[in-house]
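Read off the chains here:
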Amino acid sequence: MSPRAFLKYMNFQRTNHVKKDAYPGGGVVYWMSRDQRMADNWALVYAQSQALEKKAALSVVFCLTPRFLDATQHHYGFMLKGLQETERNLESMNIGFTLLFGEPTAVLPAFLTESNAGLLVTDMNPLRHARHWQRSLTPILGIPWVEVDAHNIVPVWTASQKQEYGAYTLRPKLRRLLPEYLAEFPPIIRHPFSPATAPQPAAWDRAAATLRVDMRTGGSPVCEPGEAAAAAMLREFIARRLPGYETDRNDPVLDAQSHLSPYLHFGHIAAQRIALAVEEQGETPSSTSFLEEMIVRRELSDNFCMYNEQYDTFDGFPTWAKLSLNQHRNDERTHHYALEQFERAETHDRLWNAAQGEMLATGRMHGYMRMYWAKKILEWSGSPEEAMAIAIHLNDTYELDGRDPNGYAGIAWSIGGVHDRAWFERPVYGKIRYMNANGCARKFNVDAYCSRFGTGPL
Ligand SMILES: Cc1cc2nc3c(=O)[nH]c(=O)nc-3n(C[C@H](O)[C@H](O)[C@H](O)COP(=O)(O)OP(=O)(O)OC[C@H]3O[C@@H](n4cnc5c(N)ncnc54)[C@H](O)[C@@H]3O)c2cc1C
(Lines give C-alpha, C1' and ligand atoms only; values in the text may rest on other atoms or scores of the structure.)
Protein backbone atom coordinates (compact mmCIF):
# COMPACT_ATOMS: atom_id res chain seq x y z
CA MET A 1 0.00 0.00 0.00
CA SER A 2 1.42 3.41 -0.92
CA PRO A 3 1.69 6.10 1.77
CA ARG A 4 -0.99 8.05 -0.08
CA ALA A 5 -3.41 5.11 -0.10
CA PHE A 6 -2.64 4.51 3.55
CA LEU A 7 -3.40 8.10 4.50
CA LYS A 8 -6.76 8.23 2.80
CA TYR A 9 -8.07 6.30 5.82
CA MET A 10 -6.69 8.71 8.37
CA ASN A 11 -8.61 11.72 9.62
CA PHE A 12 -5.94 14.24 10.59
CA GLN A 13 -8.10 15.63 13.37
CA ARG A 14 -6.79 12.61 15.26
CA THR A 15 -3.33 14.21 15.41
CA ASN A 16 -2.00 16.99 17.60
CA HIS A 17 1.38 18.46 16.67
CA VAL A 18 3.07 18.77 20.06
CA LYS A 19 6.37 19.92 18.57
CA LYS A 20 6.62 21.26 15.03
CA ASP A 21 10.42 21.11 14.44
CA ALA A 22 11.61 20.29 10.92
CA TYR A 23 12.17 16.59 10.23
CA PRO A 24 15.96 16.11 10.38
CA GLY A 25 15.99 12.67 8.72
CA GLY A 26 16.09 9.34 10.56
CA GLY A 27 13.58 6.74 11.74
CA VAL A 28 10.02 7.11 13.00
CA VAL A 29 9.49 6.04 16.60
CA TYR A 30 6.09 5.38 18.14
CA TRP A 31 6.30 5.74 21.93
CA MET A 32 3.49 3.37 22.88
CA SER A 33 1.92 4.09 26.22
CA ARG A 34 -1.85 3.96 26.60
CA ASP A 35 -2.77 1.95 23.50
CA GLN A 36 -0.82 -1.27 23.83
CA ARG A 37 -1.72 -3.08 20.61
CA MET A 38 -0.72 -3.40 16.99
CA ALA A 39 -4.17 -3.80 15.45
CA ASP A 40 -6.54 -0.87 14.95
CA ASN A 41 -4.19 1.65 16.47
CA TRP A 42 -4.36 5.13 14.89
CA ALA A 43 -1.02 6.16 16.44
CA LEU A 44 0.71 3.23 14.74
CA VAL A 45 -1.19 3.84 11.49
CA TYR A 46 0.00 7.44 11.50
CA ALA A 47 3.58 6.46 12.44
CA GLN A 48 3.72 3.90 9.62
CA SER A 49 2.28 6.30 7.06
CA GLN A 50 4.98 8.84 7.99
CA ALA A 51 7.74 6.22 7.86
CA LEU A 52 6.57 5.05 4.42
CA GLU A 53 6.49 8.59 3.11
CA LYS A 54 9.98 9.28 4.45
CA LYS A 55 11.28 5.83 3.37
CA ALA A 56 12.43 5.38 6.97
CA ALA A 57 12.51 2.57 9.53
CA LEU A 58 9.63 2.31 12.01
CA SER A 59 9.97 1.18 15.60
CA VAL A 60 7.94 1.09 18.80
CA VAL A 61 9.29 1.86 22.25
CA PHE A 62 7.64 1.26 25.63
CA CYS A 63 8.91 2.79 28.90
CA LEU A 64 8.34 0.48 31.86
CA THR A 65 8.10 2.75 34.92
CA PRO A 66 9.03 1.18 38.28
CA ARG A 67 5.68 2.27 39.73
CA PHE A 68 2.49 3.68 38.31
CA LEU A 69 -0.15 5.28 40.53
CA ASP A 70 -1.49 2.44 42.74
CA ALA A 71 -0.81 -0.33 40.20
CA THR A 72 0.31 -3.64 41.71
CA GLN A 73 2.25 -6.62 40.39
CA HIS A 74 -1.11 -8.01 39.25
CA HIS A 75 -1.62 -5.10 36.82
CA TYR A 76 2.00 -5.13 35.69
CA GLY A 77 1.80 -8.88 35.04
CA PHE A 78 -1.29 -8.41 32.86
CA MET A 79 0.34 -5.53 30.99
CA LEU A 80 3.70 -7.22 30.42
CA LYS A 81 2.11 -10.37 29.03
CA GLY A 82 0.01 -8.27 26.65
CA LEU A 83 3.07 -6.32 25.54
CA GLN A 84 4.96 -9.51 24.73
CA GLU A 85 2.20 -10.49 22.32
CA THR A 86 2.28 -7.02 20.75
CA GLU A 87 6.06 -7.28 20.36
CA ARG A 88 5.62 -10.56 18.43
CA ASN A 89 2.90 -9.02 16.24
CA LEU A 90 5.08 -5.99 15.47
CA GLU A 91 8.14 -8.11 14.68
CA SER A 92 6.15 -10.12 12.15
CA MET A 93 5.63 -6.76 10.35
CA ASN A 94 9.33 -5.77 10.48
CA ILE A 95 8.58 -3.16 13.15
CA GLY A 96 11.13 -3.21 15.96
CA PHE A 97 10.07 -3.14 19.62
CA THR A 98 12.23 -1.77 22.44
CA LEU A 99 11.49 -2.06 26.15
CA LEU A 100 13.10 0.69 28.23
CA PHE A 101 13.26 0.57 32.03
CA GLY A 102 12.51 3.87 33.79
CA GLU A 103 10.47 7.06 33.65
CA PRO A 104 10.04 8.32 30.06
CA THR A 105 11.51 11.69 31.05
CA ALA A 106 14.71 9.89 32.11
CA VAL A 107 15.13 7.26 29.40
CA LEU A 108 13.35 8.40 26.23
CA PRO A 109 15.60 11.32 25.10
CA ALA A 110 18.78 9.18 25.07
CA PHE A 111 16.99 6.36 23.27
CA LEU A 112 15.75 8.72 20.54
CA THR A 113 19.26 10.09 20.02
CA GLU A 114 20.95 6.67 20.00
CA SER A 115 18.41 5.21 17.58
CA ASN A 116 18.68 8.22 15.22
CA ALA A 117 14.97 9.02 15.45
CA GLY A 118 13.68 11.87 13.29
CA LEU A 119 9.99 11.84 14.26
CA LEU A 120 8.27 10.88 17.50
CA VAL A 121 4.63 9.75 17.60
CA THR A 122 2.75 8.96 20.79
CA ASP A 123 -0.78 8.07 21.90
CA MET A 124 -2.95 10.56 23.79
CA ASN A 125 -3.59 10.18 27.51
CA PRO A 126 -5.51 12.89 29.42
CA LEU A 127 -4.24 11.87 32.88
CA ARG A 128 -1.90 14.07 34.91
CA HIS A 129 1.23 11.91 34.78
CA ALA A 130 1.10 11.69 30.98
CA ARG A 131 0.52 15.44 30.62
CA HIS A 132 3.52 15.96 32.95
CA TRP A 133 5.72 13.69 30.80
CA GLN A 134 4.69 15.66 27.74
CA ARG A 135 5.36 19.05 29.36
CA SER A 136 8.79 17.91 30.61
CA LEU A 137 9.90 16.28 27.36
CA THR A 138 8.76 18.98 24.92
CA PRO A 139 11.63 21.43 25.57
CA ILE A 140 14.23 18.62 25.65
CA LEU A 141 13.49 16.84 22.36
CA GLY A 142 14.91 18.25 19.16
CA ILE A 143 12.64 16.43 16.69
CA PRO A 144 9.00 16.83 15.63
CA TRP A 145 6.47 15.13 17.90
CA VAL A 146 2.89 14.18 17.03
CA GLU A 147 0.34 12.94 19.54
CA VAL A 148 -2.52 10.81 18.18
CA ASP A 149 -5.79 10.08 19.97
CA ALA A 150 -5.84 6.33 19.45
CA HIS A 151 -8.24 5.70 22.34
CA ASN A 152 -11.40 7.61 21.52
CA ILE A 153 -13.51 7.15 18.43
CA VAL A 154 -14.00 10.91 18.07
CA PRO A 155 -10.72 12.57 19.15
CA VAL A 156 -11.15 14.13 22.59
CA TRP A 157 -10.07 17.58 21.35
CA THR A 158 -12.48 17.43 18.39
CA ALA A 159 -15.51 16.20 20.33
CA SER A 160 -15.32 19.22 22.62
CA GLN A 161 -12.91 21.96 23.62
CA LYS A 162 -14.23 22.31 27.17
CA GLN A 163 -15.42 20.23 30.10
CA GLU A 164 -18.93 18.98 29.32
CA TYR A 165 -21.72 19.18 31.91
CA GLY A 166 -22.87 15.64 31.32
CA ALA A 167 -23.76 12.94 28.82
CA TYR A 168 -26.65 15.12 27.65
CA THR A 169 -24.28 17.83 26.36
CA LEU A 170 -21.60 15.54 24.87
CA ARG A 171 -24.03 13.05 23.22
CA PRO A 172 -25.30 15.39 20.47
CA LYS A 173 -21.74 16.43 19.60
CA LEU A 174 -20.61 12.81 19.31
CA ARG A 175 -23.71 11.87 17.30
CA ARG A 176 -22.93 14.60 14.79
CA LEU A 177 -19.28 13.55 14.44
CA LEU A 178 -19.53 9.75 14.63
CA PRO A 179 -20.43 9.13 10.97
CA GLU A 180 -17.14 10.80 10.04
CA TYR A 181 -15.00 8.87 12.53
CA LEU A 182 -16.61 5.46 12.97
CA ALA A 183 -14.90 3.99 9.92
CA GLU A 184 -12.81 0.89 9.14
CA PHE A 185 -9.08 0.92 10.04
CA PRO A 186 -6.34 0.32 7.48
CA PRO A 187 -4.24 -2.77 8.22
CA ILE A 188 -0.63 -2.39 9.33
CA ILE A 189 1.56 -3.68 6.48
CA ARG A 190 4.96 -5.40 6.57
CA HIS A 191 7.29 -2.42 6.86
CA PRO A 192 9.70 -2.25 3.90
CA PHE A 193 12.48 -0.23 5.59
CA SER A 194 14.69 -1.68 8.35
CA PRO A 195 16.84 0.21 10.87
CA ALA A 196 20.65 0.25 10.39
CA THR A 197 21.01 -1.75 13.64
CA ALA A 198 18.36 -4.12 14.93
CA PRO A 199 16.85 -3.14 18.34
CA GLN A 200 18.07 -4.95 21.47
CA PRO A 201 15.72 -7.86 22.31
CA ALA A 202 13.37 -6.83 25.14
CA ALA A 203 14.68 -8.08 28.50
CA TRP A 204 11.33 -9.38 29.77
CA ASP A 205 13.11 -11.50 32.39
CA ARG A 206 14.54 -8.34 34.00
CA ALA A 207 11.20 -6.53 34.14
CA ALA A 208 9.90 -7.84 37.48
CA ALA A 209 13.11 -6.91 39.29
CA THR A 210 12.78 -3.26 38.19
CA LEU A 211 9.33 -2.81 39.74
CA ARG A 212 8.76 -0.96 43.02
CA VAL A 213 5.11 -1.93 43.52
CA ASP A 214 2.93 -3.86 45.94
CA MET A 215 3.88 -7.47 45.22
CA ARG A 216 1.16 -9.01 47.42
CA THR A 217 -2.03 -7.53 46.08
CA GLY A 218 -4.20 -9.07 43.40
CA GLY A 219 -6.96 -11.66 43.16
CA SER A 220 -7.00 -14.54 40.74
CA PRO A 221 -7.04 -13.22 37.18
CA VAL A 222 -10.49 -13.14 35.61
CA CYS A 223 -9.26 -12.87 32.05
CA GLU A 224 -6.23 -13.45 29.86
CA PRO A 225 -4.37 -10.35 28.64
CA GLY A 226 -3.51 -9.35 25.09
CA GLU A 227 -4.90 -8.48 21.70
CA ALA A 228 -6.06 -12.00 20.83
CA ALA A 229 -7.80 -12.49 24.19
CA ALA A 230 -9.50 -9.09 23.83
CA ALA A 231 -10.81 -10.03 20.37
CA ALA A 232 -12.03 -13.38 21.77
CA MET A 233 -13.83 -11.60 24.64
CA LEU A 234 -15.55 -9.31 22.13
CA ARG A 235 -16.72 -12.31 20.08
CA GLU A 236 -18.00 -14.05 23.20
CA PHE A 237 -19.82 -10.92 24.39
CA ILE A 238 -21.54 -10.47 21.05
CA ALA A 239 -22.58 -14.11 20.85
CA ARG A 240 -23.67 -14.66 24.47
CA ARG A 241 -24.25 -11.47 26.44
CA LEU A 242 -25.06 -8.62 24.07
CA PRO A 243 -28.64 -9.82 23.40
CA GLY A 244 -29.55 -9.44 27.10
CA TYR A 245 -27.48 -6.32 27.80
CA GLU A 246 -30.38 -3.86 27.86
CA THR A 247 -32.49 -5.84 30.34
CA ASP A 248 -29.80 -7.49 32.49
CA ARG A 249 -26.75 -5.23 32.63
CA ASN A 250 -27.72 -3.64 35.98
CA ASP A 251 -28.19 -7.00 37.72
CA PRO A 252 -24.93 -7.98 39.47
CA VAL A 253 -26.07 -11.60 39.79
CA LEU A 254 -26.41 -11.99 36.04
CA ASP A 255 -23.35 -12.01 33.81
CA ALA A 256 -24.55 -9.50 31.20
CA GLN A 257 -21.74 -6.95 30.93
CA SER A 258 -19.06 -7.19 28.26
CA HIS A 259 -15.97 -7.59 30.56
CA LEU A 260 -14.11 -5.48 28.03
CA SER A 261 -12.97 -2.70 30.40
CA PRO A 262 -9.50 -4.15 31.24
CA TYR A 263 -8.80 -4.55 27.53
CA LEU A 264 -9.96 -1.00 26.82
CA HIS A 265 -7.94 0.31 29.74
CA PHE A 266 -4.66 -1.31 28.62
CA GLY A 267 -5.47 -0.57 24.99
CA HIS A 268 -5.51 -4.25 23.97
CA ILE A 269 -8.54 -3.48 21.82
CA ALA A 270 -9.82 -0.28 20.15
CA ALA A 271 -13.19 1.10 21.22
CA GLN A 272 -13.74 1.78 17.52
CA ARG A 273 -13.31 -1.93 16.69
CA ILE A 274 -15.85 -2.86 19.39
CA ALA A 275 -18.32 -0.26 18.10
CA LEU A 276 -17.94 -1.47 14.49
CA ALA A 277 -18.49 -5.10 15.54
CA VAL A 278 -21.57 -4.24 17.63
CA GLU A 279 -23.04 -2.05 14.88
CA GLU A 280 -22.66 -4.96 12.47
CA GLN A 281 -25.19 -6.89 14.58
CA GLY A 282 -27.89 -4.38 13.65
CA GLU A 283 -29.68 -1.85 15.83
CA THR A 284 -31.45 -3.30 18.86
CA PRO A 285 -32.26 -1.85 22.31
CA SER A 286 -29.24 -3.79 23.64
CA SER A 287 -26.78 -2.54 21.04
CA THR A 288 -28.01 1.03 21.56
CA SER A 289 -27.61 0.92 25.32
CA PHE A 290 -24.21 -0.79 25.07
CA LEU A 291 -22.93 1.85 22.62
CA GLU A 292 -24.24 4.59 24.92
CA GLU A 293 -21.98 3.23 27.70
CA MET A 294 -19.02 2.32 25.52
CA ILE A 295 -18.99 5.52 23.46
CA VAL A 296 -20.80 8.36 25.25
CA ARG A 297 -20.00 7.51 28.89
CA ARG A 298 -16.44 6.41 28.15
CA GLU A 299 -15.57 9.40 25.97
CA LEU A 300 -17.23 11.70 28.55
CA SER A 301 -14.69 10.39 31.11
CA ASP A 302 -11.78 11.34 28.85
CA ASN A 303 -13.38 14.76 28.36
CA PHE A 304 -13.63 15.20 32.14
CA CYS A 305 -9.98 14.30 32.81
CA MET A 306 -8.73 16.27 29.80
CA TYR A 307 -10.37 19.54 30.81
CA ASN A 308 -10.56 19.27 34.62
CA GLU A 309 -7.10 19.10 36.17
CA GLN A 310 -8.69 18.32 39.56
CA TYR A 311 -10.40 15.19 38.24
CA ASP A 312 -9.46 13.17 41.33
CA THR A 313 -10.12 15.71 44.11
CA PHE A 314 -12.96 17.55 45.85
CA ASP A 315 -11.96 20.70 43.94
CA GLY A 316 -12.97 19.00 40.69
CA PHE A 317 -16.64 18.75 41.74
CA PRO A 318 -19.27 21.14 40.34
CA THR A 319 -19.96 24.26 42.44
CA TRP A 320 -23.45 23.15 43.58
CA ALA A 321 -21.99 19.86 44.86
CA LYS A 322 -19.10 21.51 46.73
CA LEU A 323 -21.48 23.98 48.38
CA SER A 324 -23.88 21.25 49.42
CA LEU A 325 -21.19 18.85 50.67
CA ASN A 326 -19.60 21.72 52.64
CA GLN A 327 -22.94 22.43 54.34
CA HIS A 328 -23.08 18.79 55.46
CA ARG A 329 -19.41 18.43 56.37
CA ASN A 330 -20.11 18.23 60.10
CA ASP A 331 -23.17 15.95 59.92
CA GLU A 332 -22.98 13.00 62.26
CA ARG A 333 -21.98 9.79 60.47
CA THR A 334 -23.87 6.60 61.47
CA HIS A 335 -20.60 4.71 60.87
CA HIS A 336 -17.05 5.84 60.30
CA TYR A 337 -14.48 3.41 58.91
CA ALA A 338 -10.76 3.71 58.31
CA LEU A 339 -9.18 2.75 54.97
CA GLU A 340 -8.05 -0.63 56.37
CA GLN A 341 -11.59 -1.56 57.47
CA PHE A 342 -12.98 -0.73 54.04
CA GLU A 343 -10.09 -2.57 52.43
CA ARG A 344 -10.69 -5.77 54.43
CA ALA A 345 -14.46 -5.58 53.76
CA GLU A 346 -15.16 -5.15 57.46
CA THR A 347 -18.18 -2.81 57.47
CA HIS A 348 -21.57 -3.52 59.08
CA ASP A 349 -23.14 -3.82 55.60
CA ARG A 350 -23.01 -7.27 54.02
CA LEU A 351 -23.86 -5.92 50.56
CA TRP A 352 -21.01 -3.41 50.65
CA ASN A 353 -18.67 -6.13 51.96
CA ALA A 354 -19.72 -8.44 49.13
CA ALA A 355 -18.93 -5.74 46.53
CA GLN A 356 -15.52 -5.19 48.08
CA GLY A 357 -15.14 -8.99 48.28
CA GLU A 358 -15.89 -9.32 44.56
CA MET A 359 -13.17 -6.79 43.79
CA LEU A 360 -10.63 -8.43 46.11
CA ALA A 361 -11.29 -11.89 44.73
CA THR A 362 -11.58 -11.17 41.01
CA GLY A 363 -10.02 -7.76 40.25
CA ARG A 364 -13.37 -6.47 39.00
CA MET A 365 -16.64 -5.26 40.50
CA HIS A 366 -19.98 -5.28 38.74
CA GLY A 367 -20.77 -1.83 37.29
CA TYR A 368 -23.97 -1.37 39.30
CA MET A 369 -22.25 -2.22 42.58
CA ARG A 370 -19.47 0.30 41.89
CA MET A 371 -21.96 3.14 42.36
CA TYR A 372 -23.30 1.76 45.65
CA TRP A 373 -19.76 0.99 46.84
CA ALA A 374 -18.44 4.54 46.25
CA LYS A 375 -21.53 6.30 47.67
CA LYS A 376 -21.31 4.33 50.91
CA ILE A 377 -17.64 5.32 51.23
CA LEU A 378 -18.86 8.95 51.20
CA GLU A 379 -21.50 8.12 53.83
CA TRP A 380 -19.06 6.34 56.17
CA SER A 381 -15.94 8.53 55.86
CA GLY A 382 -14.96 11.64 57.85
CA SER A 383 -15.14 14.01 54.86
CA PRO A 384 -15.71 13.99 51.09
CA GLU A 385 -11.94 14.46 50.59
CA GLU A 386 -11.24 11.36 52.71
CA ALA A 387 -13.91 9.43 50.78
CA MET A 388 -12.36 10.40 47.42
CA ALA A 389 -8.90 9.34 48.55
CA ILE A 390 -10.13 5.98 49.90
CA ALA A 391 -12.28 5.16 46.87
CA ILE A 392 -9.54 6.08 44.39
CA HIS A 393 -6.88 4.14 46.31
CA LEU A 394 -9.01 0.98 46.51
CA ASN A 395 -10.25 1.28 42.92
CA ASP A 396 -6.75 1.83 41.54
CA THR A 397 -5.17 -0.89 43.67
CA TYR A 398 -7.68 -3.68 43.13
CA GLU A 399 -9.57 -3.11 39.87
CA LEU A 400 -7.82 -4.50 36.81
CA ASP A 401 -9.37 -1.62 34.86
CA GLY A 402 -8.43 1.00 37.52
CA ARG A 403 -6.15 4.05 37.05
CA ASP A 404 -8.40 5.06 34.17
CA PRO A 405 -10.43 8.21 33.33
CA ASN A 406 -13.56 6.03 33.69
CA GLY A 407 -12.60 5.35 37.31
CA TYR A 408 -11.95 8.99 38.20
CA ALA A 409 -15.17 10.10 36.48
CA GLY A 410 -17.19 7.25 38.05
CA ILE A 411 -15.94 8.04 41.55
CA ALA A 412 -16.42 11.81 41.07
CA TRP A 413 -19.97 11.07 39.81
CA SER A 414 -20.76 8.95 42.88
CA ILE A 415 -19.19 11.16 45.55
CA GLY A 416 -19.18 14.62 43.95
CA GLY A 417 -22.15 14.86 41.57
CA VAL A 418 -19.95 15.22 38.46
CA HIS A 419 -22.09 14.76 35.31
CA ASP A 420 -25.16 14.46 37.57
CA ARG A 421 -27.70 16.95 38.94
CA ALA A 422 -28.73 18.04 42.43
CA TRP A 423 -31.16 15.66 44.21
CA PHE A 424 -33.14 15.95 47.45
CA GLU A 425 -31.14 17.10 50.43
CA ARG A 426 -30.15 14.48 53.04
CA PRO A 427 -27.58 14.10 55.83
CA VAL A 428 -23.91 13.75 54.79
CA TYR A 429 -24.75 13.50 51.06
CA GLY A 430 -26.32 16.96 50.83
CA LYS A 431 -27.73 17.09 47.30
CA ILE A 432 -25.57 14.25 45.95
CA ARG A 433 -27.69 11.35 44.62
CA TYR A 434 -28.29 8.73 47.32
CA MET A 435 -28.41 4.95 47.06
CA ASN A 436 -29.36 2.38 49.67
CA ALA A 437 -29.50 -1.37 50.11
CA ASN A 438 -33.33 -1.44 49.92
CA GLY A 439 -33.13 0.06 46.44
CA CYS A 440 -30.67 -2.67 45.48
CA ALA A 441 -32.96 -5.37 46.91
CA ARG A 442 -35.77 -4.10 44.66
CA LYS A 443 -33.49 -4.46 41.62
CA PHE A 444 -31.70 -7.78 42.13
CA ASN A 445 -31.26 -10.81 44.37
CA VAL A 446 -29.04 -9.35 47.09
CA ASP A 447 -28.80 -12.70 48.94
CA ALA A 448 -27.47 -14.44 45.84
CA TYR A 449 -24.84 -11.73 45.31
CA CYS A 450 -23.80 -11.77 48.99
CA SER A 451 -23.51 -15.53 49.09
CA ARG A 452 -21.22 -15.44 46.07
CA PHE A 453 -18.83 -12.74 47.29
CA GLY A 454 -19.68 -12.03 50.93
CA THR A 455 -16.82 -12.15 53.40
CA GLY A 456 -17.90 -9.76 56.17
CA PRO A 457 -20.46 -10.02 59.01
CA LEU A 458 -24.04 -10.87 58.00
C1 LIG B 1 -17.35 4.27 41.40
C2 LIG B 1 -17.07 3.80 39.99
C3 LIG B 1 -15.79 3.39 39.65
C4 LIG B 1 -15.50 2.98 38.35
N5 LIG B 1 -14.23 2.61 38.06
C6 LIG B 1 -13.89 2.28 36.77
C7 LIG B 1 -12.55 1.99 36.42
O8 LIG B 1 -11.64 2.06 37.26
N9 LIG B 1 -12.30 1.66 35.13
C10 LIG B 1 -13.29 1.57 34.18
O11 LIG B 1 -13.00 1.26 33.03
N12 LIG B 1 -14.57 1.86 34.50
C13 LIG B 1 -14.91 2.21 35.75
N14 LIG B 1 -16.22 2.51 36.05
C15 LIG B 1 -17.23 2.50 34.98
C16 LIG B 1 -17.98 1.15 34.78
O17 LIG B 1 -18.52 0.71 35.99
C18 LIG B 1 -17.05 0.07 34.20
O19 LIG B 1 -16.45 0.57 33.01
C20 LIG B 1 -17.78 -1.21 33.81
O21 LIG B 1 -18.49 -1.72 34.92
C22 LIG B 1 -16.75 -2.23 33.33
O23 LIG B 1 -17.32 -3.46 33.00
P24 LIG B 1 -17.63 -3.87 31.48
O25 LIG B 1 -16.49 -3.57 30.59
O26 LIG B 1 -18.12 -5.28 31.51
O27 LIG B 1 -18.79 -2.83 31.16
P28 LIG B 1 -19.98 -2.75 30.05
O29 LIG B 1 -21.22 -2.52 30.78
O30 LIG B 1 -19.90 -3.97 29.18
O31 LIG B 1 -19.61 -1.46 29.25
C32 LIG B 1 -18.73 -1.45 28.13
C33 LIG B 1 -17.73 -0.34 28.28
O34 LIG B 1 -18.39 0.91 28.37
C35 LIG B 1 -17.68 1.78 29.23
N36 LIG B 1 -18.51 2.13 30.38
C37 LIG B 1 -19.52 1.41 30.93
N38 LIG B 1 -20.06 2.08 31.98
C39 LIG B 1 -19.37 3.24 32.07
C40 LIG B 1 -19.45 4.36 32.94
N41 LIG B 1 -20.36 4.45 33.91
N42 LIG B 1 -18.57 5.37 32.77
C43 LIG B 1 -17.65 5.33 31.78
N44 LIG B 1 -17.54 4.30 30.92
C45 LIG B 1 -18.38 3.27 31.07
C46 LIG B 1 -16.45 1.02 29.71
O47 LIG B 1 -15.37 1.33 28.87
C48 LIG B 1 -16.89 -0.42 29.53
O49 LIG B 1 -15.80 -1.31 29.37
C50 LIG B 1 -16.53 2.95 37.36
C51 LIG B 1 -17.82 3.35 37.71
C52 LIG B 1 -18.09 3.78 39.01
C53 LIG B 1 -19.49 4.23 39.36
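Residues numbered from 1 in each chain as written. Predicted model: local features only at pLDDT ≥ 70, side-chain atom pairs only at ≥ 80, totals over all residues. Heavy atoms only, no water.

Can you tell me about the overall build of the chain, naming the residues and giving the values?
Across its full length, the chain holds 21 helices and six strands. Over its C-alpha atoms the chain spans a radius of gyration of 23 Å, differing by no more than 12% from the 23 Å that the globule rule assigns to 458 residues. Along the first, second and third principal axes, the C-alpha atoms of the chain reach 70 × 50 × 40 Å. Each of the 458 residues in the chain was classed as buried or not, and the buried ones make up 59%. (Helix = DSSP H or I, 4+ residues; strand = E, 2+ residues; numbered from the N terminus. Rg over C-alpha atoms; globule rule 2.2 N^0.38 Å. Buried < 20%, exposed > 50% of the residue type's maximum accessible area, 1.4 Å probe, protein only.)

Report on the site of the ligand, specifying residues and quantitative values.
In the vicinity of the ligand there are 26 residues, among which Tyr245, Ser258, His259, Asn395 and Asp401 approach most closely. One of the side-chain N or O atoms of glutamate 293 is found 3.2 Å from a nitrogen atom in the ligand. When residues of the shell around the ligand are traced back to their parent elements, those giving at least two are α11 (261-266), α13 (285-307), α17 (367-379) and α19 (405-416). Of all the elements, α13 adds the most residues to the shell around the ligand, at six residues. Of the residues in the shell around the ligand, the class split is eight nonpolar, 12 polar and six charged. (Near = heavy atom within 4 Å. Polar contact = N/O pair within 3.5 Å; in protein donor to acceptor, adjacent residues only side chain to side chain. Nonpolar A, V, L, I, M, F, W, Y, C, P; charged D, E, K, R; others polar.)

Give a detailed account of the sheet that holds strand β5 (residues 117-123), specifying residues and quantitative values.
If you trace the six strands from one edge of the open sheet to the other, you get β1-β6-β5-β2-β3-β4, paired in mixed fashion. At either margin of the open sheet sits one strand with a lone partner, and together these are β1 (15-19) and β4 (96-101). Between one strand and the next, the sheet's axes are offset by a mean angle of 25 degrees, whatever the strand orientation. The pairing of β5 with strand β6 (residues 145-148) spans four bridges and is classified as parallel. Considered in β6, the bridge of valine 121 is made with valine 146. Packing of helix α5 (residues 128-137) onto the sheet brings it into contact with β1, β2 (27-31) and β6, and relative to β6 it is tilted by some 165 degrees. (Pairing = 2+ DSSP bridges. Axes fitted to C-alpha atoms, helices over the stretch in contact; angles between N-to-C directions. Contact = heavy atoms within 4.5 Å.)

Explain helix α12 (residues 271-279) residue by residue, including any values.
The periodicity of an α-helix, 3.6 residues per turn, causes residues three or four positions apart to be oriented the same way. The element α12 is extensively covered by neighbouring structure, given that seven of its nine residues are classed as buried. When α12 is considered as a whole, its buried residues turn out to be Ala271, Gln272, Ile274, Ala275, Leu276, Ala277 and Val278. The elements touched by buried residues of α12 are α2 (42-53), α7 (167-181), α9 (227-241), α11 and α13.

Give me the packing of α17 against helix α18 (residues 384-398): which residues, what numbers.
Closest axis-to-axis distance for the α17/α18 pair is 8 Å, and the angle between their directions is 140 degrees. Classified by the angle their axes make, α17 and α18 are oblique. Along this stretch, α17 crosses α18, giving a crossing that reads as right-handed. On α18, the residues touching Arg370, Trp373, Ile377 and Leu378 of α17 are Pro384, Ala387, Ile390, Ala391, Leu394 and Asn395. Residue composition of the contact of α17 with α18, grouped by class: eight nonpolar, one polar and one charged. (Parallel < 35°, antiparallel > 145°, perpendicular 65-115°, else oblique. Left-handed = near helix turned anticlockwise from the far one by under 90°.)

Residue-level account of the side chain of serine 160, with values.
With respect to the helices and strands, serine 160 occurs in the loop between α6 (156-159) and α7. When its relative accessible area of 3% is taken as the criterion, serine 160 is described as buried. Here lysine 162 takes part through its backbone oxygen, which lies 2.9 Å from a polar atom of the side chain of serine 160. The residues contacting serine 160, other than those within four sequence positions of it, are Leu170, Lys173, Asn303 and Tyr307.

Could you give me a rundown of the packing of aromatic side chains, with the residues and numbers involved?
If you walk through the whole model with that rule in mind, you get 21 aromatic pairs. Between tyrosine 245 and phenylalanine 290, the aromatic rings sit 5.3 Å apart at their centres with planes inclined by 85 degrees, giving edge-to-face as the arrangement. With a gap of 45 residues between them, tyrosine 245 in helix α10 (residues 245-248) and phenylalanine 290 in helix α13 connect regions that are remote in the sequence. Each of the two residues, tyrosine 245 as well as phenylalanine 290, counts as buried. If you follow lysine 54 out to its NZ or CZ, it ends over the ring of tyrosine 23, 4.7 Å from the centre. One Lys or Arg, arginine 128, reaches over the ring of tyrosine 311 and ends 4.6 Å from the middle of that ring. (Phe/Tyr/Trp six-rings, centres within 6.5 Å; stacked < 30°, edge-to-face > 60°. Lys NZ or Arg CZ within 6 Å of the ring centre and 35° of its normal.)

Can you explain the layout of surface pockets? Please cite residues and give values.
In this structure, the largest pocket encloses a volume near 1500 Å³. As for the largest pocket, its lining consists of 49 residues, of which Gln257, Glu293, Arg297, Gly367 and Met371 are closest to the centre. Counting residues per element, the ones that place at least two in the lining of the largest pocket are α11, α13, α17 and α19. With nine residues, α13 is the largest single contributor of residues to the lining of the largest pocket. Empty space within the second largest pocket amounts to approximately 610 Å³. If you go around the second largest pocket, you meet 24 residues; those closest to its centre are Thr98, Phe111, Ser115, Thr197 and Pro199. Looking at the lining of the second largest pocket, the elements that each hand over two or more residues are β2, β4 and α4 (104-114). Considered class by class, the residues forming the lining of the second largest pocket number 14 nonpolar, eight polar and two charged. (1 Å grid on protein atoms, 1.4 Å probe; cavity = no way out; pocket = protein on both sides within 12 Å on 5 of 7 lines; lining within 4 Å. Points joined across faces, edges and corners; volume = space filled by probe spheres on them.)

Talk me through the domain arrangement of the chain; I want residue IDs and the actual numbers.
What the domain assignment reports for the chain is domain 1 (3-152) and domain 2 (314-453). Relative to domain 2, the C-alpha centre of domain 1 lies at a distance of 36 Å. On the domain 2 side, the residues contacting the 11 residues of domain 1 number 10 residues. Summed over the three residues of domain 1 that lose the most area to domain 2, namely Asp70, His75 and Leu127, the buried surface amounts to 54% of that side. Linking domain 1 with domain 2 are three residue pairs in polar contact (both at pLDDT 80 or more), by the criterion used here. Grouping the amino acids of the side of domain 1 that touches domain 2 by side-chain chemistry returns six nonpolar, three polar and two charged. (Domains from an automatic or database assignment. Buried area = accessible area lost by both parts, 1.4 Å probe.)

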